[in-house]
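Structural description and commentary
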Amino acid sequence: MRIVLIGPPGAGKGTQARFLTERLSVPAISSGDLLRAEIREGTPLGQLAKQHTDAGELVPDELTTTMVTHRLGEPDAAAGFLLDGFPRTVRQAELLEESLAEGETALDAVLAFDMPDDEIVQRLTGRRICSGCGTTVHMVFSPPRVPGQCDECGNELTRRADDTEETVLRRLAVYAEQTVPLLQWYADRGLLLRVDALGAVSEVTDRMCAALSLMTP
Ligand code: AMP
């Protein structure tokens, strides 16, 4: 299956993608993760992207699209994929559609996660991520046993540079301006499935499976 996950930052797309990737045996590809890897490695793309990501702004469409379509060309994505965080603009969606059409494929579904802004601000400003295994915790809702340390692997918990309140608010505004129009674009193509992203992870997983007509585990 070829699926796109759309939703405001912090709506749990990454968490649900980790679940769906196992369920469907397709890779989860996060444009944010790909960009952060480029930034860590100090590549020319990473250097360019950093100023945008740090400010909570979008990285230019052509750059993100080239990066993602290149990744989709790898063998593990041939039979399907889950895209998390891409496309984020109508332009990116058009470029993705063209690129898939060249390979005579197309998307099967677009899952849109709905979550109120105040919940997102609370979630993201308290979010910490393990530098070792990538586990996500929340300083209030799921605090680590030892402050600053991952319960799973003991590595240091870090805060994403763009999880400060000011940048989260900017990311939400960017989502409303540039990504929300994409929902109608996909609805017009009969691909859009909406999922209420509030509640426990397992509840959201069940809703997502129901929307995709998958049997729940
Ligand atoms: P995320 O991890 O999905 O929250 O993405 C983190 C940041 O990476 C975003 O705030 C953007 O600056 C950038 N980014 C990720 N995906 C895209 C995309 N599809 N288009 C433009 N910028 C992106």
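Preceding block: the structure.
Predicted, not measured: the structure shown is a model, and the values here were computed from it.

What about the overall build of the protein?
- A count of helical and extended segments in the protein gives eight helices and eight strands.
- Its C-alpha atoms give the protein a radius of gyration of 17 Å, within 12% of the compact-globule value 17 Å for 217 residues.
- For the protein, the residues scored as buried account for 44% of the 217 residues in total.
- Of the charged side chains in the protein, 21 are positive and 33 negative; the average position of the first set lies 4 Å away from that of the second.

Considerations on the site of the ligand
- Of all residues adjacent to the ligand, which total 16 residues, the nearest are Ser31, Arg36, Glu57, Arg88 and Gln92.
- Contact distances for the ligand include 2.8 Å between a nitrogen atom and a side-chain N or O atom of Ser31.
- Between the ligand and Glu57 there is a distance of 2.6 Å, counted from an oxygen atom to a backbone nitrogen or oxygen.
- Burial of the ligand by the protein amounts to 96% of the accessible area it has alone, namely 480 Å².

Quick word on the sheet that holds strand β5 (residues 127–130)
- In spatial order, the strands read β6-β5-β7; together these three strands make up an open sheet with antiparallel pairing. At either end of the open sheet lies a strand with only one pairing partner, and these are β6 (136–138) and β7 (157–158).
- Contacts from helix α6 (residues 117–125) reach β5 and β6 within the one sheet, and its direction differs from that of β5 by about 40°.

Description of the nonpolar core
- Ile6, Phe81, Leu83, Leu96, Leu107, Val110 and Tyr186 are the most contacted members of the largest nonpolar core, which has 27 residues in total.
- Taken together, the elements giving at least two residues each to this core come down to β1 (2–6), α3 (44–55), α4 (61–72), β3 (81–84), α5 (90–102), β4 (109–114) and α7 (165–188).
- If you tally residues by element for this core, the top one is α7, at five residues.
- Leaving out residues up to four positions away in the same chain, Val110 has contacts with Val4, Ile6, Tyr186, Leu191, Leu192 and Leu193.
- One finds Ala11, Ala17, Met115 and Met208 within the second-largest nonpolar core, a separate group that totals 22 residues.

What about the sheet that holds β4?
- Taken in spatial order, the five strands make up an open sheet running β2-β3-β1-β4-β8, and their pairing is parallel. Only two strands of the sheet have a single partner each, and these edge strands are β2 (28–30) and β8 (192–196). Neighbour-to-neighbour, the strand axes of the sheet open up by a mean angle of 20°, direction not taken into account.
- As paired strands, β1 and β3 are joined by four bridges and run parallel to one another. Residue pairing in the sheet places Leu5 in a bridge with Asp84 of β3.

Thoughts on the environment of Gly56
- Within the secondary structure, Gly56 sits in the loop between α3 and α4.
- When the C-alpha positions of Gly56 and Pro9 are compared, they lie 10 Å apart, and in sequence the two are 47 residues distant.
- Setting aside residues no more than four positions away along its own chain, Gly56 makes contact with Thr167, Arg170, Arg171 and Val174.

Cut-offs applied
- Residues numbered from 1 in each chain as written.
- Predicted model: local features only at pLDDT ≥ 70, side-chain atom pairs only at ≥ 80, totals over all residues.
- Heavy atoms only, no water.
- Helix = DSSP H or I, 4+ residues; strand = E, 2+ residues; numbered from the N terminus.
- Rg over C-alpha atoms; globule rule 2.2 N^0.38 Å.
- Buried < 20%, exposed > 50% of the residue type's maximum accessible area, 1.4 Å probe, protein only.
- Lys, Arg positive; Asp, Glu negative; His and termini not counted.
- Charge placed at Lys NZ, Arg CZ, Asp CG, Glu CD.
- Near = heavy atom within 4 Å.
- Polar contact = N/O pair within 3.5 Å; in protein donor to acceptor, adjacent residues only side chain to side chain.
- Areas by Shrake-Rupley, 256 points an atom, 1.4 Å probe, with all protein chains shown as cover.
- Pairing = 2+ DSSP bridges.
- Contact = heavy atoms within 4.5 Å.
- Axes fitted to C-alpha atoms, helices over the stretch in contact; angles between N-to-C directions.
- Core = buried A, V, L, I, M, F, W, Y, C linked by side-chain atoms within 4.5 Å.

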